[in-house]
Amino acid sequence: MKRAERIRQITSEQEDLESLRWRENARDEQFVEEFSTLAGRTRQLYEDAGVTLSQRKQEQLAVIEDVERNVRESAEQHSDEVNRYCLDTSMRLEEEADELKKKRRDSRW
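Let me sum up the structure you'll find in this document. (Residues numbered from 1 in each chain as written. Predicted model: local features only at pLDDT ≥ 70, side-chain atom pairs only at ≥ 80, totals over all residues. Heavy atoms only, no water.)

With that out of the way, let us pick up the overall build of the chain. A tally of regular secondary structure across the chain gives two helices and zero strands. Its C-alpha radius of gyration of 24 Å places the chain more than 25% over the 13 Å reference for a compact globule of 109 residues. Expressed as lengths along the three principal axes of its C-alpha atoms, the size of the chain is roughly 85 × 15 × 15 Å. Out of the 109 residues belonging to the chain, those deemed buried represent 24%. Across the chain, contacts joining residues at least 24 apart in sequence account for 81% of those joining residues at least 6 apart. Accessible area of the chain: about 8,500 Å², with a carbon and sulfur share of 51%. Averaging the locations of the 21 positively and 27 negatively charged side chains of the chain gives two centres separated by 8 Å. (Helix = DSSP H or I, 4+ residues; strand = E, 2+ residues; numbered from the N terminus. Rg over C-alpha atoms; globule rule 2.2 N^0.38 Å. Buried < 20%, exposed > 50% of the residue type's maximum accessible area, 1.4 Å probe, protein only. Contact = heavy atoms within 4.5 Å. Areas by Shrake-Rupley, 256 points an atom, 1.4 Å probe, with all protein chains shown as cover. Lys, Arg positive; Asp, Glu negative; His and termini not counted. Charge placed at Lys NZ, Arg CZ, Asp CG, Glu CD.)

Below, the structure is given as structure tokens:
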């Protein structure tokens, strides 16, 4: 009976991990999209001015582009880490569940 309960618990934990993975990835994507939209609007304002940008404004645009690239890279790294954590944990849980199922089958004989 304890094995069956643990197997159900493992299944629930795996579902929670998958939900966590999807939530975190969606949150990362939303943040990157919002930041990219803001950066794009800023660039567009500079371009719409219709004048040659000063050295300072060009430097500011370069900084915005660097920050945008860093935000994307950080979000991708975070997403990779979350995915790896969830996959590794889920695999360990699956191995535990397989072992419990095997013990249950073996105990019947």
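Before going further, it helps to examine the nonpolar core. Here is a general trend for soluble globular proteins: nonpolar side chains tend to be buried in one another's company. Ranked by size, the top nonpolar core spans eight residues in total: Ile-7, Ile-10, Leu-17, Val-82, Cys-86, Leu-93, Ala-97 and Leu-100. Contributing elements (two or more residues each) for this core: helix 1 (2–48) and helix 2 (55–108). Sort the elements by how many residues they give to this core and helix 2 lands first, with five residues. Setting aside chain neighbours within four positions, we find Leu-93 in contact with Arg-6, Ile-10, Glu-13, Gln-14 and Leu-17. (Core = buried A, V, L, I, M, F, W, Y, C linked by side-chain atoms within 4.5 Å.)

Time to look at the pattern of salt bridges. Following the criterion strictly, the structure yields eight salt bridges and no others. In this structure, Arg-6 engages Glu-96 in a salt bridge whose closest nitrogen and oxygen atoms are separated by 2.7 Å. Here the residue Arg-6 occupies a position in helix 1, and Glu-96 occupies one in helix 2, the gap between them amounting to 90 residues. A salt bridge links Glu-18 to Arg-21; the shortest N-O distance between them is 2.7 Å. One end of the pair is Glu-18 and the other is Arg-21, both in helix 1 and three residues apart, which spans about a single turn. Its relative accessible area of 34% is what places Glu-18 among the partly exposed residues. Residue class for Arg-21 comes out partly exposed when judged on its relative accessible area of 21%. By sharing partners, the salt bridges in this structure join Arg-6, Glu-13 and Glu-96 into a single network. (Salt bridge = Lys/Arg side-chain N within 4 Å of Asp/Glu carboxyl O.)

What follows covers the side chain of Glu-68. Within the secondary structure, Glu-68 sits in helix 2. When neighbours within four sequence positions are excluded, Glu-68 is seen to be in contact with Phe-35, Ser-36, Ala-39 and Arg-43.

Another aspect to go through is the packing of aromatic side chains. Taken as a whole, this structure holds zero aromatic pairs when the rule is applied. Positioned over the ring face of Trp-22 is Arg-21, at 5.2 Å from the centre of the ring. (Phe/Tyr/Trp six-rings, centres within 6.5 Å; stacked < 30°, edge-to-face > 60°. Lys NZ or Arg CZ within 6 Å of the ring centre and 35° of its normal.)

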